[in-house]
Amino acid sequence: ARFVHFKNDDDSTVYYATYTAYDGSLIMPKLLQTNDFYNFKIMPLYGAGAQNKNLALFPRKINGKYAMISRIDGINNYIMYSDKINIWEKPIKLQHPQFSWELIQIGNCESPIETDKGWLVITHGLGPMRRYVLGASLLKLDDPEVEIGRLKEPLLIPNSDEREGYVPNVLYSCGALVHNGKLIIPYGVSDSSTAFAEVDLGELISKLIADKKETTKVEKAKEKVA
């Protein structure tokens, strides 16, 4: 479950979590709601955007609407907006696989984290040899359809001690937090154990923006040659 501490327009807060329900044959995205972690309300999610997996809710409304990231086609990341938290229509393609380590699939790992430079999104990439790794992107605060930062190399990859397990060669995360200027990332290790990683938030954001600028320059140069 991807939990997020959501702030309402009236400054009250509530915890939501998106998760994938499974009955043994079918999957269905659902939403949890709680204020105390003792009592939970469960809601199904509806609409063309409430498909597949990887739904992650933004921690507040954007321009008066709820916002969600999803991976409805199993390949690309999408963004969508809604007046109702459980109805999601008209998904807009946000990101597609761009680098070799995410060549097969890109998805989001968690709800976006708000920083003063933009929305930080931890992604996962599926590449050759079915290796799952973690990446990161930065979206514009008032218009998250605009990607202003993206790592061209993985943020975290399985090391030699993390490749073996129930589902080998996989790192995966469903949530992260910022503490004392550090981004703390809990992650699953080949579906067999859990570990933690940390990175300086300022350094990560600077790298995100620098890599995006470099990638954009390369793409423009290729366009000129073409």
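Here we summarise the structure given alongside this text. Just so it is clear, the model here is predicted, and its values are computed rather than measured. (Residues numbered from 1 in each chain as written. Predicted model: local features only at pLDDT ≥ 70, side-chain atom pairs only at ≥ 80, totals over all residues. Heavy atoms only, no water.)

## Considerations on the pairing of strand β6 (residues 66–71)
The element β6 is extensively covered by neighbouring structure, given that six of its six residues are classed as buried. Side-chain alternation along β6 places Tyr66, Met68 and Ser70 on one buried face and Ala67, Ile69 and Arg71 on a second face that is also buried. Sheet topology note: the strand β5 (residues 53–57)/β6 ladder contains three bridges and is antiparallel. Bridge pairing links leucine 57 to methionine 68 in β6. The pairing of β6 with strand β7 (residues 77–82) spans five bridges and is antiparallel. Following the sheet pairing, alanine 67 is matched in β7 by tyrosine 81. Where β6 folds back onto β7 in an antiparallel hairpin, the turn is made up of five residues, including glycine 74, whose phi is positive at roughly 80°. (Buried < 20%, exposed > 50% of the residue type's maximum accessible area, 1.4 Å probe, protein only. Helix = DSSP H or I, 4+ residues; strand = E, 2+ residues; numbered from the N terminus. Pairing = 2+ DSSP bridges.)

## Thoughts on the side chain of arginine 2
On the secondary structure map, arginine 2 appears in strand β1 (residues 2–7). In this structure arginine 2 is buried but unpaired, with glutamate 110 as the nearest side chain of opposite charge at 8.2 Å. A distance of 2.6 Å separates the side chain of arginine 2 from the side chain of asparagine 108, its partner in a polar contact. When sequence neighbours within four positions are dropped, the list of residues in contact with arginine 2 reads Tyr16, Ala17, Thr18, Asn54, Leu55, Ala56, Asn108, Cys109, Glu110, Ser111, Tyr172 and Cys174. (Lys, Arg positive; Asp, Glu negative; His and termini not counted. Salt bridge = Lys/Arg side-chain N within 4 Å of Asp/Glu carboxyl O. Polar contact = N/O pair within 3.5 Å; in protein donor to acceptor, adjacent residues only side chain to side chain. Contact = heavy atoms within 4.5 Å.)

## Observations concerning the sheet that holds β7
Overall, antiparallel pairing links the four strands, which are arranged β5-β6-β7-β8 in an open sheet. Two strands lie at the open edges of the sheet, namely β5 and β8 (92–95), each paired on one side alone. Taken over all neighbouring pairs, the strand axes of this sheet differ in orientation by 30° on average, direction set aside. (Axes fitted to C-alpha atoms, helices over the stretch in contact; angles between N-to-C directions.)

## Observations regarding helix α1 (residues 201–225)
The end-to-end C-alpha distance of α1 is 37 Å, a good match for the 36 Å that 25 residues give at a rise of 1.5 Å each. Listing the buried residues of α1 in full gives Leu201, Leu204, Ile205, Leu208, Asp211 and Thr215. For α1, the side-chain oxygen to backbone nitrogen distance between the N-cap and glycine 202 is 3.1 Å, and the N-cap itself is aspartate 200. (Expected span 1.5 Å × (residues − 1).)

## Description of the nonpolar core
Formed by 20 residues in total, the largest nonpolar core has its most connected members in Leu120, Ala136, Leu183, Tyr187, Leu204 and Leu208. Where this core is concerned, the elements lending two or more residues are β11 (118–126), β12 (132–139), β16 (182–189), β17 (193–200) and α1. Each residue touching leucine 120, except ones within four places of it in the same chain, is listed here: Pro112, Ile113, Thr115, Ala136, Ser137, Leu138, Leu183, Leu201, Leu204 and Leu208. Of all hydrophobic cores here, the second largest spans 15 residues; its members include Leu31, Leu45, Ala50 and Tyr66. (Core = buried A, V, L, I, M, F, W, Y, C linked by side-chain atoms within 4.5 Å.)

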